[in-house]
Amino acid sequence: MTNATTPYTSFDLIKTSTIDSLGVEVAEYKHRKTGARHIHLASEKKENVFLVGLPTMPKESSGVAHILEHTVLCGSEKYPVRDPFFMMMRRSLSTFMNAFTSSDWTAYPFATENKKDFQNLLSVYIDAVFFSRLDPLDFAQEGHRLEFSEGENPESPLEIKGVVYNEMKGAMSSPVSQLYQRLKRHLFSTTTYHFNSGGEPDVIPSLSYDALMAFYKQHYHPTNALFCTFGDIPAAEHQKNFEDQCLNRFEEGMHVSAPVEVRRFAPASIAEAYAASDSEDEKQCHFVLGWHIEEPNDIADELGMDLLNTQLTGSSASPLRKAIETAGFGSPSPLTGYMGVGRESMFGAGFQGCSADDKEAMQALILKTLEDIAEQGFEQDDIDAGLFQLELHQKQITGSRQPYGLELALDAMSAHFYKRPVTDALDIGPGIELLKERLKDPQYLPNLLRKNIINNQHRVDLLLYPDAELTQKQEAHEKATMAALKAKLSEDEKQELVKQAKALSERQAAEDDPNILPKLELTDIPKDMTFVSPSKKSNPALKNKRAVTAFDTKTNGISYLQVTTKLPKLSQEELLDINLMHSFWTEVGAQDKDYLHMQQAQFGQTGYLTAGINVRSGADDTNELSAFSIMRANTLDARFDQMNELLHQQFMSPRFDEISRIKELYLLKRQRFLQSITQSGHSYAMNAANACFHSYGSLEMSLSGLEFIKRLNADKIDDDSFFEAKAQAYSKLHQKIITQPQHFCLVGDDAELDAWIQKLESKWNEPVSTDTRLATVDLSQQQHQAWLTSTQINFCAMSIPAVDRHHPDTAALNLLATIMNNEFLHTALREKGGAYGGGARANSHCKTFDFYSYRDPRLGQTFNDFERAMEWVSNASFNKKQLEEATLSLMSDIDKPGSPSGEAFNEFYNLLHGRSLEERIQHRQAILDVTLEDLERVSRTYFKDVQGIKAAVTNKSKYETEKLEGFEIHTI
Ligand SMILES: [Zn+2]
């Protein structure tokens, strides 16, 4: 026990341990009176993380846990304001603020590097969770409510509104989410995993306010809670805060814990419809076999299942995945593999883009393959490759997606909730040693495979077939139900609904006193950029047009290597091909080796090996681009040579002549892109709206935007000549790229860098000659667009012309976007409009100012709101508080730390794209220097009397009902 882990008087220390590879001391505590738990991960990192987690186990798909998570954040005893969570985002320098509802727990995490900010947020979070106000109007706003479409007009149609209701309509528009929920539903019949904890749109309206309150009382109690912290604040200081702000007001309560699923001994077979845009194409089915996996005995068996998973599905060369990929029924199902479902777990194997007629054959193939695998056993090389992957994963210091400390805290939390040793979950080293002992028995893995999968009859085969009318049927059903409900409403009941709509809109319009909440001041913002530049070594002395930039970075024994070339000048046809060429580049064979061989080698020697394109707007010229082709890999330091060799082979000599492989990959990619529309519709819509303003937007449209997906979906792929032509096109593109001068980026330990640079020099010595670059791309037409696809929910975007990053108004435009979000769009789009999200942003790449909405029930009215926002801002007078809040939000974004390797690569990209450190420091300073006068002047310049370009992602019937004018229609 150290200073960092000594407990406060009301807590008992249960145990501590040190994990060197993570640089943390783990300490577990129990609060004496209530039994509340605390896990502290003491670290030297100054980014402190907090979370409070509660097991939440709904017994229905009404979304009770999820709606509660939203409503809890709408005001509490000490902070009785409507929206403390969103208000705090503007008053803090947090590096992370969110709340999650998983299948069996709810967690409220935040992170910040500022100590005062930590105390502020802690106080707001604890009060929200344990002393929540749960106002019925907030439940109506966030969960669901019946309302007339024109709120106070009882003659207008009756509708269901609510943020979570729309959020889940969006989430459940994805066939993969439907597949996952249904597989769970049929595999787990006795536990909470049977239900959709997020909520099924057709069940959500059945949730009552009383049921929400009862769920809150049962689950949100300290006895049921786990506090988890990470960072350099001592445990006792946290515990004193928990005690003073919450625990001293509670006695011991009840524990909620997950029962174990009751085993079944006979397989089940299910077929159900899902909503698709086109049921003409019969190859649109999903078919998956799912097994419920019994809880492992210990950490070694748990890791044994992870290892078995790598053996079956880790790469395209792994036998189960290989059998699925090459069988010709369709692409592998995204649910292929071993996955946790809360405390339980399942294994899936199957196909997507397949035909219902092949069901028996697909099932037979999967079962036969598994039996053959068990029969033949596993090669030692493959087992070593799997163990290498587990070790690499353990060593990786992440942090670019969410704070590293938070990832550890979430791991610790789930281990605690699932009654597994916390240190096992954080440090797999000892577990791996134990597993290696068991692996001495060559039958260990085959036996695990037989017991958990082959002989396991707790299995479901699930077929989802497309129904193009399902969305319309559901909408018609909803309309009819609403009409019937309306017809039955008495005059009094109608007036009740009008009264509620009025009360809600008054509440949304009311100004809360922001001084109730704690906040940071502008003086709390670090004077200098907190970004720490990794120490950089440049060695321009590489032979013939090659350069290298190396970063000395503490990456815990993992090295990263990237080769980068400028994207050459390309035709429109080539632009549409180049994305797929990059994603296939590392998935095909190389030199004289086929793809199976190369996939196996990559899996055995690298953490990943991927290629892609990195684009930003050019440094100076008005319409210029700065675009690069990249290929990157990582591995353990000791395997640098192997990584260098593989990267070189794959970069120089990919086998674009493997036609059947290209076909497989093509079908898989096409599915993924189509599926991504309902998940990222707002990004696609924004891109469609801004593509006519700058090359950057037009390029994105061709590379990976809606134009690209439309083309992909329309491709006639019936015979191999299509793929042969593609393969030739990819080879040509490849030749163009590899003859460009190369720039390497190396990230790793200082002691190794010089030797690695030598190795690059000797390996990469092919002649390079030309140096062309993709300077601009033709702009898209200025035209409103409606993109129609299979979605239950809409995404809207609008762009107006603005300026690039060098322009003196950029800083003020960035602040104005945040102010519009805070003061206008959040209320208009989310609180009133019922969209899950939406806002505005200054987009200096495209020289535009963009508006967007996410998972939005509305279309035309949202476009009106975008226009009203412009009118509002062009007449508004701003105050100091608005400016301060916007400044704090932008600063926490700019100063947000990443992972060690992520920060090094960021620095490299800044260098490539000509973004100097000085320029970034100036940009940051320019934001701090913006005055109220600047805001006013800029708001008058850009938003008055402007017509935006609009784009929507929606479905056909919604588009037709709305009667939008002047839109060009595209169908995907
Ligand atoms: Zn939500």
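Reading the values: the criteria
- Residues numbered from 1 in each chain as written.
- Predicted model: local features only at pLDDT ≥ 70, side-chain atom pairs only at ≥ 80, totals over all residues.
- Heavy atoms only, no water.
- Helix = DSSP H or I, 4+ residues; strand = E, 2+ residues; numbered from the N terminus.
- Rg over C-alpha atoms; globule rule 2.2 N^0.38 Å.
- Buried < 20%, exposed > 50% of the residue type's maximum accessible area, 1.4 Å probe, protein only.
- Contact = heavy atoms within 4.5 Å.
- Areas by Shrake-Rupley, 256 points an atom, 1.4 Å probe, with all protein chains shown as cover.
- Lys, Arg positive; Asp, Glu negative; His and termini not counted.
- Charge placed at Lys NZ, Arg CZ, Asp CG, Glu CD.
- Donors = N, O, S within 2.8 Å, 3.2 Å for Na, K, Ca; no water.
- Tetrahedral: all angles 85-135°; square planar, octahedral: opposite > 155°, others 65-115°.
- Pairing = 2+ DSSP bridges.
- Salt bridge = Lys/Arg side-chain N within 4 Å of Asp/Glu carboxyl O.
- Domains from an automatic or database assignment.
- Buried area = accessible area lost by both parts, 1.4 Å probe.
- Polar contact = N/O pair within 3.5 Å; in protein donor to acceptor, adjacent residues only side chain to side chain.
- Axes fitted to C-alpha atoms, helices over the stretch in contact; angles between N-to-C directions.
- Expected span 1.5 Å × (residues − 1).
- Phe/Tyr/Trp six-rings, centres within 6.5 Å; stacked < 30°, edge-to-face > 60°.
- Lys NZ or Arg CZ within 6 Å of the ring centre and 35° of its normal.
- Nonpolar A, V, L, I, M, F, W, Y, C, P; charged D, E, K, R; others polar.

## Focus on the overall build of the protein chain
And step 1. When helices and strands are counted, the protein chain shows 34 helices and 28 strands.
And step 2. For 972 residues, the compact-globule estimate of 2.2 N^0.38 gives 30 Å, and the C-alpha radius of gyration of the protein chain, at 28 Å, lies within 12% of that figure.
And step 3. Projecting the C-alpha coordinates of the protein chain onto the three principal axes gives extents of approximately 80 × 65 × 65 Å.
And step 4. A burial count over the protein chain gives 60% of its 972 residues as buried.
And step 5. Counting contacts in the protein chain only where the partners sit at least 6 residues apart, residues at least 24 apart contribute 81% of the total.
And step 6. Surface summary for the protein chain: the accessible area is close to 37600 Å², and the carbon and sulfur share equals 49%.
And step 7. Placing the 100 positive and 137 negative side-chain charges of the protein chain at their respective mean positions leaves the two points 1 Å apart.

## A word on the coordination of the zinc ion
Note on metal geometry: ideal angles are 109.5 degrees for four donors arranged tetrahedrally and 90 or 180 degrees for six donors arranged octahedrally.
And step 1. Taken together, His66 (NE2), His70 (NE2), Glu167 (OE) and Glu167 (OE) make up the full set of protein donors to the zinc ion, lying 2.1 to 2.6 Å away.
And step 2. One way to put it: the 4 donor atoms around the zinc ion meet at angles of 55 to 153°, and that makes the site irregular.

## Section: the pairing of strand S21 (residues 625-636)
And step 1. Of all 12 residues in S21, 12 are buried; the element is thus mostly enclosed.
And step 2. Relative to S21, strand S19 (residues 558-566) runs antiparallel, the two sharing 9 bridges. Its bridge partner lying in S21, Gln562 is registered against Arg632.
And step 3. Pairing of strand S20 (residues 608-617) with S21 involves 10 bridges; the strand directions are antiparallel. Residue pairing across strands places Leu609 opposite Ala633, the latter belonging to S21.

## As for the pattern of salt bridges
And step 1. Applying the stated criterion across every chain, the model contains 54 salt bridges.
And step 2. A network of salt bridges, in which partner residues are shared, links Arg321, Glu325, Glu587, Arg661 and Glu664.

## Description of the domain arrangement of the protein chain
And step 1. Annotation of the protein chain at the domain level lists domain 1 (11-173 + 195-257), domain 2 (268-401 + 412-467), domain 3 (535-763) and domain 4 (784-971).
And step 2. In this structure, domain 1 and domain 4 have C-alpha centres spaced 28 Å apart.
And step 3. Interface area for domain 1 against domain 4, summed over the two sides, is near 2100 Å², with a carbon-plus-sulfur share of 49%.
And step 4. Linking domain 1 with domain 4 are 3 salt bridges, by the criterion used here.
And step 5. A salt bridge links Arg830 to Glu142, with the shortest nitrogen-to-oxygen separation between them at 3.2 Å.
And step 6. Summed over the shared surface of domain 1 and domain 4, the number is 10 residue pairs in polar contact (both at pLDDT 80 or more).

## Details of the packing of helix H19 (residues 572-585) against helix H24 (residues 695-703)
Any two packed helices are characterised by how steeply their axes cross, that is the angle between the axes, and by the distance between the axes.
And step 1. Relative to each other, H19 and H24 sit at 65°, their axes nearing to 7 Å. For the pair formed by H19 and H24, the contact residues are Gln572, Leu575, Leu576, Ile578 and Asn579 on the first element and Leu699, Ser702 and Leu703 on the second.

## Observations concerning helix H9 (residues 299-313)
Spacing of three or four residues puts side chains on the same side of an α-helix, whose turn is 3.6 residues.
And step 1. End to end, H9 covers 21 Å across 15 residues, agreeing with the expected 21 Å (1.5 Å per residue, within 8%).
And step 2. Here H9 lies mainly inside the structure; 13 of its 15 residues are buried.

## Regarding the packing of aromatic side chains
And step 1. The tally for this structure, following the rule as stated, stands at 39 aromatic pairs.
And step 2. With 6.1 Å between their ring centres and 55° between their planes, Trp291 and Phe347 make a pair best called tilted. Of this pair, Trp291 sits in strand S12 (residues 285-293) while Phe347 sits in strand S15 (residues 344-354), and the two are 56 residues apart along the sequence. Accessibility classification places Trp291 together with Phe347 in one group, the buried group.
And step 3. Put simply, the rings of Phe50, Phe85, Phe86, Phe110, Phe118, Tyr125, Phe130, Phe131, Phe227, Phe242 and Phe250 touch in pairs and so form one group of aromatic residues.
And step 4. Just above the ring of Phe388 sits the side chain of Arg639; from NZ or CZ to the centre is 4.1 Å.

## Topic: the packing of H9 against helix H10 (residues 319-326)
And step 1. Relative to each other, H9 and H10 sit at 35°, their axes nearing to 4 Å. Facing H9, whose interface residues are Gln311, Leu312 and Thr313, H10 presents Pro319, Leu320 and Arg321.
And step 2. In terms of residue class, the contact of H9 with H10 is made up of 3 nonpolar, 2 polar and 1 charged.

## Description of the side chain of Ser333
And step 1. Within the secondary structure layout, Ser333 lies in the loop between strand S13 (331-332) and strand S14 (337-341).
And step 2. For Ser333, a relative accessible area of 4% corresponds to the buried category.
And step 3. Each residue touching Ser333, except ones within four places of it in the same chain, is listed here: Leu179, Val288, Gly350, Phe351 and Gln352.

## Some details on unusual backbone geometry
And step 1. A positive phi angle, near 55°, is found at Lys847, a position not held by glycine.
And step 2. Structurally, Lys847 is set in the loop between strand S25 (837-843) and strand S26 (848-856).
And step 3. Residue Lys847 is classed as partly exposed on the basis of its relative accessible area of 22%.
And step 4. The phi torsion at Arg855 lies on the positive side, around 45°, for a residue other than glycine.
And step 5. Position of Arg855 relative to the elements: it lies in strand S26.

## Some points on the sheet that holds strand S23 (residues 784-788)
Backbone hydrogen bonds hold the strands of a sheet together, and the pairing may be parallel or antiparallel.
And step 1. If you trace the 6 strands from one edge of the open sheet to the other, you get S25-S26-S24-S27-S23-S28, paired in mixed fashion. Strands at the two margins of the open sheet, each flanked by one partner only, are S25 and strand S28 (967-971). Between one strand axis and the next, the sheet turns through 15° on average, direction left out of account.
And step 2. Bridge count between S23 and S28: 5 bridges; the pairing is parallel. Counted as the bridge partner of Leu788 is Thr971 from S28.
And step 3. Against the sheet, helix H25 (residues 706-714) makes contact with S23, strand S27 (949-954) and S28, and its axis sits at roughly 40° relative to S23, the strand it touches most.
And step 4. Contacting S25 and S26, helix H28 (residues 810-832) runs over the sheet at an angle of about 165° to S25.

## Considering helix H1 (residues 64-72)
And step 1. For H1, the buried fraction is high: 9 of the 9 residues fall into the buried class.
And step 2. Within H1 the residues assigned to the buried category are Val64, Ala65, His66, Ile67, Leu68, Glu69, His70, Thr71 and Val72.

## Concerning the environment of Thr223
And step 1. Mapping Thr223 onto the fold places it in the loop between helix H7 (209-219) and strand S10 (226-231).
And step 2. Relative accessible area serves as the criterion here: at 2%, Thr223 is assigned to the buried category.
And step 3. C-alpha of Thr223 to C-alpha of Lys732: the two residues are 509 residues apart in sequence and 65 Å apart in space.
And step 4. Sequence-distant contacts of Thr223, defined by excluding residues within four places in its chain, comprise Thr34, Gly35, Ala36, Glu251, Glu252, Gly253, Met254 and His255.
And step 5. A polar side-chain atom of Thr223 sits 2.6 Å from the main-chain amide nitrogen of Gly253.

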